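An overview of the molecular structure
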Amino acid sequence: MLDYSYMDIFIPRDLTREAARQLLTEHAEYGQWELARVRVHPDGSRHVRLRRKVMRVRRTF
């Protein structure tokens, strides 16, 4: 069974598409996050949920 860790990001409507793309790319590249969900609100703001796998370490003895 896979466990995930989630992070929510709120992107205001006045942030450009290029700046939002750069923000999400940095999280994906350096933090190993992947896009789970994007909600676009009627006012143009976006709510983004990112996820990444939780690494469980088991004892080996």
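Thresholds applied
- Residues numbered from 1 in each chain as written.
- Predicted model: local features only at pLDDT ≥ 70, side-chain atom pairs only at ≥ 80, totals over all residues.
- Heavy atoms only, no water.
- Salt bridge = Lys/Arg side-chain N within 4 Å of Asp/Glu carboxyl O.
- Helix = DSSP H or I, 4+ residues; strand = E, 2+ residues; numbered from the N terminus.
- Buried < 20%, exposed > 50% of the residue type's maximum accessible area, 1.4 Å probe, protein only.
- Pairing = 2+ DSSP bridges.

A few words now on the pattern of salt bridges. Within this structure, the stated rule accounts for four salt bridges. Where aspartate 3 meets arginine 56, a salt bridge forms, and the shortest distance between an N and an O atom there is 3.3 Å. With aspartate 3 in the segment before strand E1 (4-11) and arginine 56 in the segment after strand E3 (46-53), this residue pair connects regions lying 53 residues apart in the sequence. When its relative accessible area of 28% is taken as the criterion, aspartate 3 is described as partly exposed. Across the salt bridge formed by arginine 49 and aspartate 8, the nearest N and O atoms sit 2.8 Å from each other. Here arginine 49 is found in strand E3, whereas its partner aspartate 8 is found in strand E1, with 41 residues between them in sequence.

In this section: the pairing of strand E2 (residues 34-40). Here six bridges tie E2 to E3, and the two strands are oriented antiparallel to one another. Following the sheet pairing, valine 40 is matched in E3 by arginine 46. Between E2 and E3, which pair antiparallel and follow one another directly, the connecting turn spans five residues, one of which, glycine 44, has a positive phi of 100°.

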